[in-house]
Amino acid sequence: MRILSTRPPGVRVAVAWRCAVLGEDGVCSGDADLALRGKASERLDGDMDAAASGIRDVRLDDARLAIVFDAHGAAGRAAAEAWAELAAISAAMALDGARSAQRLESLRRSERLQQALYEIANLASSALEMREVLVRIHAVVDRLTTAKNFYIVLYDDLRERLRFLYFVDERDPWVADPDQELHVSEMPNSLTIALLRHGQPMLGPSAALRMAHDVETDPVHGPDSADWLGVPLRRDGRVCGAIVVQSYDQPDRYSHEDRALLEFVAQHILTALDRKQAHTELERRVAARTLELQEANTDLQAQIVERARAGRLQGALYRISELSVAAGSLERFYADLHAIIGELLYARNFYIAMLSADGTRIEFPYSVDERDAVRRARKRSNGLTEYVIASGQPLLARREGILMLESCGELRSRGSHAHCWLGVPLMRDARPVGVIAVQSYDPDIAFAASDQELLVFVAQHIDSALDRKRAQDALKAAHTELEFRVEARTRELENANRELRAQIGERVRAQQRLVHQARHDPLTGLPNRVQFLERMNAALAPGEDGTTTPFAVLFLDLDRFKLVNDSVGHAAGDAMLVETGKRISALLGPDDIVARLGGDEFALMLGGVDDPAVAEAMADAILSTLARPMWVAGRELYPSASIGIAMSHPDYAVGDGLLRDADAAMYRAKACGRDRSERFDEQMRAEATRLLDLEADLRRAILQDAFEPHFQPIVRLADGAVVGHEALLRWQHELHGTLYPTDFIGVGEDSGLIEQVDWLMYRKVIHRMTASDCPGYVSINVSPRHFRSDDFVERLLQLIDEAGADPERLRIEITEIALLDDAPRALRMLRTLRERGVMALLDDFGTGFSALSYLHRFPIQALKIDQSFVIGLGSEMHAESLALVRAILALAGTLGIDTIAEGVETVQQRELLAGLGCQYGQGFLYGRPCPAIAAEAACAS
């Protein structure tokens, strides 16, 4: 300890201490004997209330310190006594500082470990590919301990096969195939095999580990490492893999603390990999099942279409049969027949042609046509109709086929030329006596072979119908047989009708089920948001007497519900939601309703309640019933909730506003500590109104361009010279005067208007740069939201070009989170800007959670040390702030990056920063932000 160097001459000293954090230890002067050392150690176990001669005791919270000294002569003893008083105070301060540093380092390690576990858990549920998940897990482990050489192996102990799921090594060129299985016999001299069979962590130089586990040297498995650390992965008590890190250039690189840390993290990595693989397998099975269902659905749809077509055809044939026995003229029969065929296929142009009795003429007893309104009887010739009669076969021909037949001399078209023509013969006693034909003049409408088959089938029945129509007397003779056939046919139709009624009933029931599903939550069976809003809107609507029924709305959100999903799974979370709904429902009265709005949010409507005390009592009852233990997935959980209360009021036109206010009250309950309720009051209403008015003012201010930049100088600490300025946003409000970003930035971000404000600001700053009295560079603040925009770089460079400004005098200030959202994209954008001369400054450095290992990848010109660290310099937080600032400056110096200290307000801070090596500063010491750009700093000394 440093106090030994200040002892008076001739004084022998021994110091001993015992601390819960630092342990037990001691130091002594070189001339101290064993008795003096033993006396200091014994003093720690003795009474420390009174100080004996030659002894000084110090008691701290969880620590003791004893100073034992020996001096010759009265003068020497007096000097030693005086020195001992000061030494005790100094030693206590040193011990307290060491304990604080130890605790701080422990907290940092815990924070890094917790952050790593969060990242691993998030990766397991992400949509990333397995390779990307493994790369990010590697990065997480590398932040916890050195892991440049890192691999993960999976092991099947029953089959004695393993796969290298991930392998990265700076010296071993081997490339692992994550899908390739290797048998242990293929790697007899591998430390990895020894680790998997040993089943315990292995730590040390690889040569020593081989000797200890009887593993021969084999260059196939890569070069020896100076330090090698491997931990097994266990599932249900069995080794299922391992994680290995190694260092080639630093012996004793890994400690037992690193081993314990890697063991702990390894099990979480295994859990994450199991969840990711299960998720991938589930997606594969879902995709396969979806494909099967799609194919089955396609077949089913085809069957439905075919059955519907068969049903229509059956109905058409039945109606044709009815026409043949119905009273009426033959022309009416043809018209009804045309209508029936029109239901089966395109028949806008339709005619029936018949041979005369002597077979020399073609007669048209029925014809409907868009172009040839009248078809007159003609002598038999070589038209399309005669072609079908002569061949006795149906004809389906397009215009090209008709022209080909005409060119061969087989026929000659008559009347308007059809684009597509379909005709089938009408037979009597196996002899063609006529034609039924349809045709299309539209190139987009054509007949298919199925239409031909259909018309042929119908024509056969038409032939019979015509025969019956022409031979009424013959049909009367067979009346008895006809009645029998009609009766049989009627029974068939009755059966079909019963089946149809059964199908209709099933459809009605299915529709009722769909209506129920549309208005209820599928998990809990409670009403959903749609039904809940309907109930509220109905209650808000005035009755016949013009009055409304009062009610209260409770908006409930479970506290830390995400933790349940992340820890015990979504199935357990669903079970918890179902149980929550049951407990709340048990408390409701006949006029009340509870609905699940989604996620872990529930809403209650208490009918007939106009007293807030009643609603608050119900909220307390809900919190009490939820606080009872709940067994979910074999775990005992104690859920809690935050509840917001809103009372109905004539000012509410619809239920959305009332639900919104209850939601706002719920967030206040969460902010006040959770597991409680809060009621929406006039203060919250006034705050909501204020924010709404502020948003309207912000929109008007954008149209009026009421924003202007204020500039704060950035100076060189060595001589106080101004090297640049930071442009800060100010709003010149028409009523409230100058507003700072903190007054409106929240409303701007929530409404999305802040992006328009920033671009107005950027335009003014860049035009201001063109002024001759603007020295140095100007920096603008770019939010992560802007930086994520696809066209940010193009728009910014376009503004510079339009203004004719020098891009090398512009800087952008971005935060760490903007870099890590999409690192490859951020790198491309920063490189593009640097190529044009626009440099980047990293703002608020040290306040984020990014990995410092990423920093060297990005073209950053300077780090801006956050003012929270600078303010601590010279205050009671001086030691911690000094250590943090020194670490940041050392990092920046190593990477060759400039540093700018923010918030410099005192000369003492400036001198400390300059002494530590900080190049530039910014703060009230050098000037406050103002509309004009200062040529020199306000204070440079």
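Below is a summary of the structure that appears in this document. For clarity, every value in this text was computed on a predicted model and none was experimentally measured.

### Remarks on the overall build of the protein
Moving on, step 1. A count of helical and extended segments in the protein gives 27 helices and 32 strands.
Moving on, step 2. Taken over C-alpha atoms, the radius of gyration comes to 45 Å for the protein, far larger than the 30 Å a tight globule of 941 residues would show.
Moving on, step 3. Along the longest, intermediate and shortest principal axes, the C-alpha atoms of the protein span 160 × 80 × 70 Å.
Moving on, step 4. The proportion of buried residues among the 941 residues of the protein is 42%.
Moving on, step 5. When contacts within the protein are restricted to residue pairs at least 6 apart in sequence, long-range pairs at least 24 apart make up 62% of them.
Moving on, step 6. Of the roughly 49200 Å² of accessible surface on the protein, 52% is carried by carbon and sulfur atoms.
Moving on, step 7. The distance from the centre of the 107 positive side-chain charges to the centre of the 140 negative ones in the protein is 5 Å.

### Section: the packing of helix α20 (residues 754-769) against helix α22 (residues 792-803)
Moving on, step 1. At a minimum axis separation of 9 Å, α20 and α22 run at an interaxial angle of 35 degrees. As α20 runs across α22, the sense of the crossing is right-handed. On α22, the residues that touch E755, W759, Y762, R763, I766 and H767 of α20 are F792, R795, L796, L799, I800, E802 and A803.
Moving on, step 2. In terms of residue class, the contact of α20 with α22 is built from 8 nonpolar, 1 polar and 4 charged.

### As for the pattern of salt bridges
Moving on, step 1. The full count for this structure, using the stated rule, is 31 salt bridges.
Moving on, step 2. Note that E695 and R699 form a salt bridge whose closest N and O atoms lie 3.0 Å from each other. With E695 and R699 both in helix α18 (residues 682-704), this residue pair falls 4 residues apart, about one helical turn.
Moving on, step 3. Among the ionic contacts, a cluster of salt bridges with common partners joins E726, E813, K864 and E902.

### Observations concerning unusual backbone geometry
Glycine aside, residues mostly have negative phi, and peptide bonds are mostly found in the trans state.
Moving on, step 1. Even without being glycine, E160 reaches a positive phi, approximately 55 degrees.
Moving on, step 2. Within the secondary structure, E160 is located in the loop between β5 (149-156) and β6 (161-168).
Moving on, step 3. What makes E160 partly exposed here is its relative accessible area of 30%.
Moving on, step 4. If you check the backbone angles, D705 has positive phi at about 55 degrees while not being a glycine.

### Re the pairing of strand β11 (residues 349-355)
On any regular strand, side chains alternate: one points to one face of the sheet, the next to the other face.
Moving on, step 1. Counting buried residues along β11, 7 of its 7 residues qualify, which places the element largely inside the surrounding structure.
Moving on, step 2. Covered by surrounding structure in β11 are N349, Y351, A353 and L355 together with F350, I352 and M354, the residues of both alternating faces.
Moving on, step 3. Relative to strand β12 (residues 361-368), β11 is paired through 5 bridges, and the arrangement is antiparallel. The residue of β12 that forms the bridge with L355 is I362.
Moving on, step 4. Linking β11 to β12, which pair antiparallel, is a turn of 5 residues; within it G359 sits at a positive phi near 75 degrees.

### Remarks on the packing of helix α17 (residues 655-671) against α18
Moving on, step 1. Taken N-terminus to C-terminus, the directions of α17 and α18 make an angle of 105 degrees; their axes are 11 Å apart at the nearest point. Judged by the inter-axis angle, α17 sits roughly perpendicular to α18. Listed contacts from α18 to D661, A664, A665 and R668 of α17 are Q683, M684 and R685.
Moving on, step 2. Here the residues of the contact of α17 with α18 are counted per class, giving 3 nonpolar, 1 polar and 3 charged.

### Considerations on α22
Moving on, step 1. An ideal rise of 1.5 Å per residue puts 16 Å on 12 residues; α22 measures up with 17 Å between its terminal C-alpha atoms.
Moving on, step 2. For α22, every residue scored as buried is listed here: F792, V793, L796, L797, L799, I800 and A803. Taken down its axis, α22 places every buried residue within 150 degrees of arc, on the same side.
Moving on, step 3. Where α22 is buried, its residues meet α20, β27 (777-781), α21 (784-787), β28 (810-814) and α24 (823-835).
Moving on, step 4. G804, located one to two residues past α22, shows a positive phi value of around 70 degrees.

### Digging into the packing of aromatic side chains
Moving on, step 1. Scanning all chains against the criterion turns up 17 aromatic pairs.
Moving on, step 2. Seen in terms of ring centroids, F707 and W731 are 5.7 Å apart; in terms of plane orientation they differ by 40 degrees. Their pairing is tilted. Of this pair, F707 sits in strand β24 (residues 707-716) while W731 sits in strand β25 (residues 722-733), and the two are 24 residues apart along the sequence. Both residues of the pair, F707 and W731, belong to the buried class.
Moving on, step 3. A network of ring pairs unites the aromatic residues Y151, F164, F167 and W174 as a single cluster.
Moving on, step 4. It is R795 that lies over the ring of W759; its NZ or CZ is 4.1 Å from the centre.
Moving on, step 5. We note R811 situated over the ring of Y777; from NZ or CZ to the ring centre the distance is 4.5 Å.

### Topic: the sheet that holds β11
To summarise the sheet geometry, strands pair through backbone hydrogen bonds and adopt either a parallel or an antiparallel arrangement.
Moving on, step 1. A sheet is described by the order of its strands in space; here 6 strands give the open sequence β13-β12-β11-β16-β15-β14, paired in antiparallel fashion. Whereas interior strands pair on both sides, the edge strands pair on one side only; in this sheet they are β13 (378-379) and β14 (395-398).
Moving on, step 2. Two strands pair when backbone bridges link them, and β14 and strand β15 (residues 420-428) are joined in this way by 4 bridges, in the antiparallel orientation. Within β15, the residue paired with A397 across the bridge is W421.
Moving on, step 3. Sheet strands touched by helix α7 (residues 330-344): β11, β12 and β16 (431-440). Its angle to β12, the strand with the most contacts, is close to 60 degrees.
Moving on, step 4. The sheet contacts of helix α9 (residues 399-407) involve β14 and β15, and relative to β14 the element is tilted by about 100 degrees.

### What to know about the nonpolar core
Moving on, step 1. Ranked by size, the top nonpolar core spans 73 residues in total, and within it F787 and I812 carry the most contacts.
Moving on, step 2. Among the elements that line this core, the one with the most residues is α20, at 8 residues.
Moving on, step 3. Leave out the neighbours within four places in its chain, and I812 touches I780, V782, F787, L796, L830, L833, V838, M839, A840 and L841.

### Things to note about the sheet that holds strand β18 (residues 593-598)
Moving on, step 1. Reading across from one edge, β18-β19-β17-β22-β23 is the order of the 5 strands in this open sheet, with mixed pairing throughout. Each having just a single partner strand, β18 and β23 (676-679) make up the two edges of the open sheet. For this sheet the average axis-to-axis angle between neighbouring strands, irrespective of direction, equals 20 degrees.
Moving on, step 2. Note: strand β22 (residues 641-647) against β23, 4 bridges, orientation parallel. Its bridge partner being in β23, I645 is matched across the sheet by R679.

### Some words on the environment of C28
Moving on, step 1. Structurally, C28 is set in strand β2 (residues 23-28).
Moving on, step 2. A relative accessible area of 26% places C28 in the partly exposed class.
Moving on, step 3. When the C-alpha atoms of C28 and R12 are compared, they prove to be 7.9 Å apart, with 16 residues separating the residues in sequence.

### Examining helix α4 (residues 191-198)
Moving on, step 1. For α4, the tally of buried residues reaches 6 of 8 residues, placing the bulk of the element in the interior.
Moving on, step 2. What α4 keeps buried is the set L191, T192, I193, A194, L195 and L196.
Moving on, step 3. For α4, the capping residue at the N-terminal end is S190, with a side-chain oxygen 3.1 Å from the backbone nitrogen of T192.
Moving on, step 4. With its phi angle positive at about 75 degrees, G199 sits one or two positions after the end of α4.

### Considering a nonpolar patch on the surface
Moving on, step 1. The grouping of L500, I504 and V508 at the surface amounts to a nonpolar patch, some 250 Å² of accessible area in total.
Moving on, step 2. Here V508 is to be found in helix α12 (residues 479-519).
Moving on, step 3. Among the residues examined, V508 registers a relative accessible area of 39% and is labelled partly exposed.

### Some words on the side chain of S440
Moving on, step 1. With respect to the secondary-structure elements, S440 resides in strand β16.
Moving on, step 2. A relative accessible area of 0% places S440 in the buried class.
Moving on, step 3. A polar contact of 3.2 Å, which involves the side chain of S440, links it to the backbone oxygen of D442.
Moving on, step 4. Not counting the four nearest positions on each side in its chain, S440 is found in contact with Y346, N349, A418, H419, C420, I445 and F447.

### Some remarks on the environment of A308
Moving on, step 1. Relative to the helices and strands, A308 resides in helix α6 (residues 256-325).
Moving on, step 2. C-alpha separation for the pair A308 and E160, spaced 148 residues apart in sequence, amounts to 60 Å.

Definitions and limits used
Residues numbered from 1 in each chain as written. Predicted model: local features only at pLDDT ≥ 70, side-chain atom pairs only at ≥ 80, totals over all residues. Heavy atoms only, no water. Helix = DSSP H or I, 4+ residues; strand = E, 2+ residues; numbered from the N terminus. Rg over C-alpha atoms; globule rule 2.2 N^0.38 Å. Buried < 20%, exposed > 50% of the residue type's maximum accessible area, 1.4 Å probe, protein only. Contact = heavy atoms within 4.5 Å. Areas by Shrake-Rupley, 256 points an atom, 1.4 Å probe, with all protein chains shown as cover. Lys, Arg positive; Asp, Glu negative; His and termini not counted. Charge placed at Lys NZ, Arg CZ, Asp CG, Glu CD. Axes fitted to C-alpha atoms, helices over the stretch in contact; angles between N-to-C directions. Left-handed = near helix turned anticlockwise from the far one by under 90°. Nonpolar A, V, L, I, M, F, W, Y, C, P; charged D, E, K, R; others polar. Salt bridge = Lys/Arg side-chain N within 4 Å of Asp/Glu carboxyl O. Pairing = 2+ DSSP bridges. Parallel < 35°, antiparallel > 145°, perpendicular 65-115°, else oblique. Expected span 1.5 Å × (residues − 1). Arc of directions from axis to C-beta. Phe/Tyr/Trp six-rings, centres within 6.5 Å; stacked < 30°, edge-to-face > 60°. Lys NZ or Arg CZ within 6 Å of the ring centre and 35° of its normal. Core = buried A, V, L, I, M, F, W, Y, C linked by side-chain atoms within 4.5 Å. Polar contact = N/O pair within 3.5 Å; in protein donor to acceptor, adjacent residues only side chain to side chain. Patch = residues over 30% accessible without salt bridge, like charges linked within 9 Å, V, L, I, M, F, W, Y side chains within 5 Å.

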